[in-house]
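Survey of secondary and tertiary structure
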Amino acid sequence: MADYVFRYRLDTDQAPGSNDPVLEMIRTQLENILDVVVPVEGRREVKIDGFKLLRDRGTIYRLFSHEQESADVFGEHPL
Amino acid sequence: MADHTIPLEDTVPFLKRQLESLLSVVVLEKDGEAVEVDGFRMRDEREPARGRPAGVREGQAESTWQDIRNASLYEPRIELIKRQLESLLGLVEVQRNGDVVEVDGFRLRNLKHWLSPSACDPSEVFGYAGARCNCDCIFCCNKGNAATLALGNLKRPPAEELSEMMTRLDYFYPKPSRCLFPSLGDIYEVMMHPHVMEVLRSLRDRTPRVFRITTNGDCLTPETIAQLAQMKPVYLYVSLNSASAERRRALMRSRHPEVAIESLHLLKDAGIPYAAVAVAWPFGSRREMLEDLSGTVAYADACGAHLVQVNLPGYSRYFSEEKLFDLDEVWSEVVSCVRGLRSETCCPVVVMPSMYEENLYEKTKNVAKVIGVVKNSPAARSGLMKGDVIRKVGGVVVQSKPQARDLLSFLQRSDIREVTLVVGREGGSVEVPVNLEDFTYPYTRETDHHLGAVFVGTGLRLSYLESLRGLIDSRNAQHVLFLSSALVKPTFEQVLSESHLFGGVDVDIEVPRNTFFGGNVFMGDLLVVQDFVDCIKGYLERGAGRPDLVVIPSSPFSLGGWRRDLTGRVYLDIEREVGIPVELLECSPIFD
C-alpha cells in the first residue's frame, strides 16, 4: 500500500509587507529558523536579535523587534 | 521602483540554493497533484504575487490538507518549510520546461526523513482512530477548546484515517524508538472506528506493549471484548460516569447506556483490567451527584475494577462564559466524598488532579503515602494497607513519593521475586515482605506500575531542585522568578524551604492565570506563552524588581518535544516579549 500523503496548503496570497521584499524575506526566514533552532558558538548557546548584511556592516536589522527597542549608534531599520 | 537594499539579481544564487534545498524534502502540489519544477524566474514587481488560485480543488475534500497549526506544535520544521516556501514564492515563480506553473501546496517527499524519537506507545498509531464520538457528554472537554488550539481534528473519511494509521504502523520502530512525527488532534472514541480492530491486530504483530485505550464503553459489546481479549495486554479506561443507565444517558447522551454498564462484568470475565472513570460533574443537585458517584464507585468495585478514577470537573471560557459552579466548593466536596468511599471499597479510588487532595489534606507534601492497593496485587497480598507510608524499599531509605514510585516500578520490571518494605503505620514501623510473584486479576505485571500500591499523584522529584540550581548558576542569576502552578506551588515551596541549595539567591514564585483557557481552568500544564508573558509583565509592574532569570517548568511545552505551547507558539517568544532570559526546567507533567 502506498504511503499516506501528508499535504500542507501554501498561502502565497499574502499582502506585500515591505517595499524591500528581499530584505523582508531574509528577516522572515531568520525568524522562522530561530523558532526551530538555537544558534551556538562552540558549545555556547547564542541568542541573536538582529542581523547585518555582509556588504553593509553599519546597519542592523532587528528580529522580533518590539516597541521598547531604541536605535543604536549604527542606526536601525526595523521592517 | 523601490530602492532595494539588495538588488534582486544578486539574490538569484541564494534563492536557487534555498529552493533546491526545500525541494529535496518536499514536492510542490497543485490541485492535489504533484508538480515537479525545474526552474524559476523573478516575479515582476509591478504585478502583485498571484494569489493561491483556488487552494482547494473543486470537489476535493478540505480535510485532505493537514493542519499546519498542528504541525507547528508537533513538527515545526514543516511549518518552517511552509513559511520559507511562501516567502520565496512571494519573490519568484516556479517553472517547468520554461513555463510558469502554479502551486497551492506541498507534500512531504519521503516519510523516512520525518521519523522522530518516540516512546512508541501503541496509542501513537491507534489514537488516530479517535476522530469522532458516539456520545455527546454534557461536560466534554473537547467542547471547550479554543479555535486557535493546535489540536483540531481533520474531517475525513474513516478509510483515509486507516491509511494514515497503516502508514504510521509502517514507520513504527519500537526497537530504535522512532516513529513518524505525531499529528494527533482531540481524541474522541477510538473503539467506534470501523477499522480499529484491524489496526490493533496489526499493531500487536509489531509490539508487545500494553494497549491503553480510553473508551466511553458504548462499543464494549461481548463480541468487541472477546476480540480485545485476543490482543492482551490491554488496559481500558472506561468512562462510566454513572452506573445508573438513566443518569448515564442524561450525562453522556449515550444511546445504549447499559452496554458500558454491563461491560465491566464482561471485562472481568475476559481478564482485561480496567479503570472505571467518572467525571464528578455537578448535574442535578450536588447531593444527587455525590450519591450517584458513591453508587458508581461501589458498582465498579463490585465488578472488579482495577481502580476507580474520579475526575474533578472543569471548563474553559469557550465551554461556558458563565460561571457554572464554584470550583473549590465542588472539588472539596467530591474529594471529601471519595476519601469516605475509600474505607468502603476494595479497589483504589483516585481523584484527578490528585495534588488538589494532597494540598487540602496533607500537611507534609510529597510523602510516599499509600491511598489504595490494587486487589490481588503483590502489595495487597503482602498486607500493605491504605494509609501506610513507605519508608524503605529493599533497604533503600525513601525520601519522597517519586523515589518510592521509581523503586517499586523498577522492582516490578525486574526478575526479583521478593522484597521487604518498611512502612510507617499507626505511629510505628512495620516490615512488609512482598512476594512479587503472588498476584492475580486485576493486577498484571504488564499493566501495573508499583506492585499494586497507589499514591496521591506522582509527586515532585527532588532532582528538579538540582537542575534549577544548575540553571541559576549557568546564568549567574541572583534574583530568579519561578513560574509554578496553583497545584504544584505548595509542594515546590516546601521542598525549596527544605533545600540548602539556594543560599544567596532570591527565588520568587508566581502562579500565572490561565487566561487563554479561562473558565475555571487552573492547571499549569495548560498555560500558554501569553499567560506566562502576562504574568511576568504583571510582576514587573508591581515593582518587585527585575529578575535576572525567569524559570518555567518545561511540562506546558512538552507535547512533541519542540518546546511549543498548545497553540503551537514557541517558548522563546516569552523572552522576546519581556526581555528577560527565560529557561525551561526539565520536568515531566505532574498531573496524575
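Residues numbered from 1 in each chain as written. Chains lettered and ligands numbered in written order. Predicted model: local features only at pLDDT ≥ 70, side-chain atom pairs only at ≥ 80, totals over all residues.

The subject of this paragraph is the overall build of chain A. Helices and strands together make up the secondary structure of chain A, namely 1 helix and 5 strands. Listed N to C, the secondary structure of chain A is β-α-β-β-β-β in terms of helices and strands. Evaluated residue by residue, chain A yields a buried proportion of 18% over its 79 residues. A separation threshold of at least 6 residues defines the contact pool for chain A, and within that pool the share at least 24 residues apart is 26%. (Helix = DSSP H or I, 4+ residues; strand = E, 2+ residues; numbered from the N terminus. Buried ≥ 20, exposed ≤ 12 C-beta atoms within 10 Å, placed from the backbone. Contact = placed C-beta atoms within 7 Å.)

To continue, consider the sheet that holds strand β5 (residues 99-100) of chain B. Hydrogen bonds between backbone atoms are what pair the strands of a sheet, whose relative direction is either parallel or antiparallel. All names here are of chain B. Taken in spatial order, the 3 strands make up an open sheet running β3-β4-β5, and their pairing is antiparallel. Edge positions in the sheet fall to β3 (39-42) and β5, since each has one partner strand and no second. Pairing of strand β4 (residues 92-96) with β5 involves 2 bridges; the strand directions are antiparallel. From the neighbouring strand, Q95 faces β5, where its bridge partner is V100. (Pairing = 2+ DSSP bridges.)

All names here are of chain B. One open sheet holds the 5 strands; their spatial order is β9-β10-β11-β12-β13, and the pairing between them is parallel. The sheet terminates laterally at β9 (211-215) and β13 (349-352), the two strands that pair on one side only. With direction set aside, neighbouring strand axes in the sheet form an average angle of 20°. With 4 bridges joining them, strand β10 (residues 234-239) and strand β11 (residues 274-279) adopt parallel strand pairing. Its bridge partner lying in β11, V238 is registered against A276. (Axes fitted to C-alpha atoms, helices over the stretch in contact; angles between N-to-C directions.)

Nonpolar side chains tend to gather and get buried jointly when the protein is soluble and globular. One finds A276(B), A305(B), V308(B) and V334(B) to be the most contacted residues of the largest nonpolar core, which totals 152 residues. In contact with V308(B), not counting residues within four places along its chain, are A275(B), A276(B), V297(B), A300(B), D301(B), C347(B) and V349(B). (Core = buried A, V, L, I, M, F, W, Y, C linked by C-beta atoms within 7 Å.)

Residues and elements named next belong to chain B. Its 13 residues give helix α5 (residues 158-170) an end-to-end C-alpha distance of 18 Å, which sits within 8% of 18 Å, the value for a rise of 1.5 Å per residue. Buried within α5 we find E161, L162, E164, M165, R168 and L169. Buried residues along α5 cover an arc of 160° about the axis, so they all sit on one side. Next to the buried residues of α5 lie α4 (123-126), β8 (178-180) and α6 (196-206). (Expected span 1.5 Å × (residues − 1). Arc of directions from axis to C-beta.)

Moving on, we come to the interface of chain B and chain A. At the junction of the two partners, chain B supplies 45 residues and chain A supplies 29 residues. For the side of chain B that touches chain A, the elements supplying multiple residues, two or more each, are α2 (68-74), α3 (76-89), β6 (105-108), α5 and α18 (572-578) of chain B. Looking at the side of chain B that touches chain A element by element, the count peaks at 11 residues for α3(B). Relative to β6(B), strand β1 (residues 7-9) of chain A runs antiparallel, the two sharing 3 bridges. Counterpart to R7(A) in the pairing with β6(B) is R107(B).

When pLDDT is averaged along chain B, the result is 93, and 95% of the positions lie at 70 or above. The model gives residues 49-63 of chain B a pLDDT under 50, and that stretch makes 23 contacts with residues more than four places away or in other chains. (pLDDT = per-residue confidence, 0-100.)

We now examine unusual backbone geometry. Residues and elements named next belong to chain B. M352 connects to P353 through a cis peptide bond whose omega is 0°. Mapped onto the elements of the fold, P353 is located in the loop between β13 and α12 (354-361). With a phi angle near 55°, C120 is a residue other than glycine that sits in the positive phi range. Note that C120 resides in the loop between β7 (115-117) and α4. Overall, the presence of 18 C-beta atoms within 10 Å leaves C120 in the partly exposed class.

Each pair of packed helices gets described by two things: the angle between the helix axes and the distance between those axes. Contact geometry of helix α1 (residues 21-34) of chain A with α3(B) gives a least axis separation of 10 Å together with a crossing angle of 180°. By the angle class used here, α1(A) and α3(B) are roughly antiparallel. Note on element contacts: α3(B) touches α1(A) through L80(B), R83(B), Q84(B) and S87(B), opposite M25(A), T28(A), Q29(A), N32(A) and I33(A). Split by residue class, the contact of α1(A) with α3(B) holds 3 nonpolar, 5 polar and 1 charged. (Parallel < 35°, antiparallel > 145°, perpendicular 65-115°, else oblique. Nonpolar A, V, L, I, M, F, W, Y, C, P; charged D, E, K, R; others polar.)

Within the element layout of this structure, H500(B) appears in the loop between α16 (489-498) and β21 (506-510). C-alpha of H500(B) to C-alpha of R201(B): the two residues are 299 residues apart in sequence and 53 Å apart in space.

Glancing now at the environment of E262(B). Residues and elements named next belong to chain B. Positionally, E262 belongs in helix α9 (residues 257-270). Here E262 falls in the partly exposed class, since 17 other C-beta atoms lie within 10 Å of it. Between the C-alpha atom of E262 and that of V335, which follows or precedes it by 73 residues, the distance is 27 Å.

Residues and elements named next belong to chain B. Burial within strand β20 (residues 479-483) is extensive, with 4 of its 5 residues counted as buried. By the bridge criterion, 5 bridges tie β20 to β21 in an arrangement that is parallel. Within the sheet, the bridge partner assigned to F482 lies in β21 and is I509. Taken together, β20, α16 and β21 constitute a β-α-β crossover, and its handedness is right-handed. As defined by bridge partners, β20 adjoins strand β22 (residues 549-553) across 3 bridges and the pair is classed as parallel. Directly across from L481, in β22, lies its bridge partner V550. (Right-handed = clockwise from strand over helix to strand, strands pointing away.)

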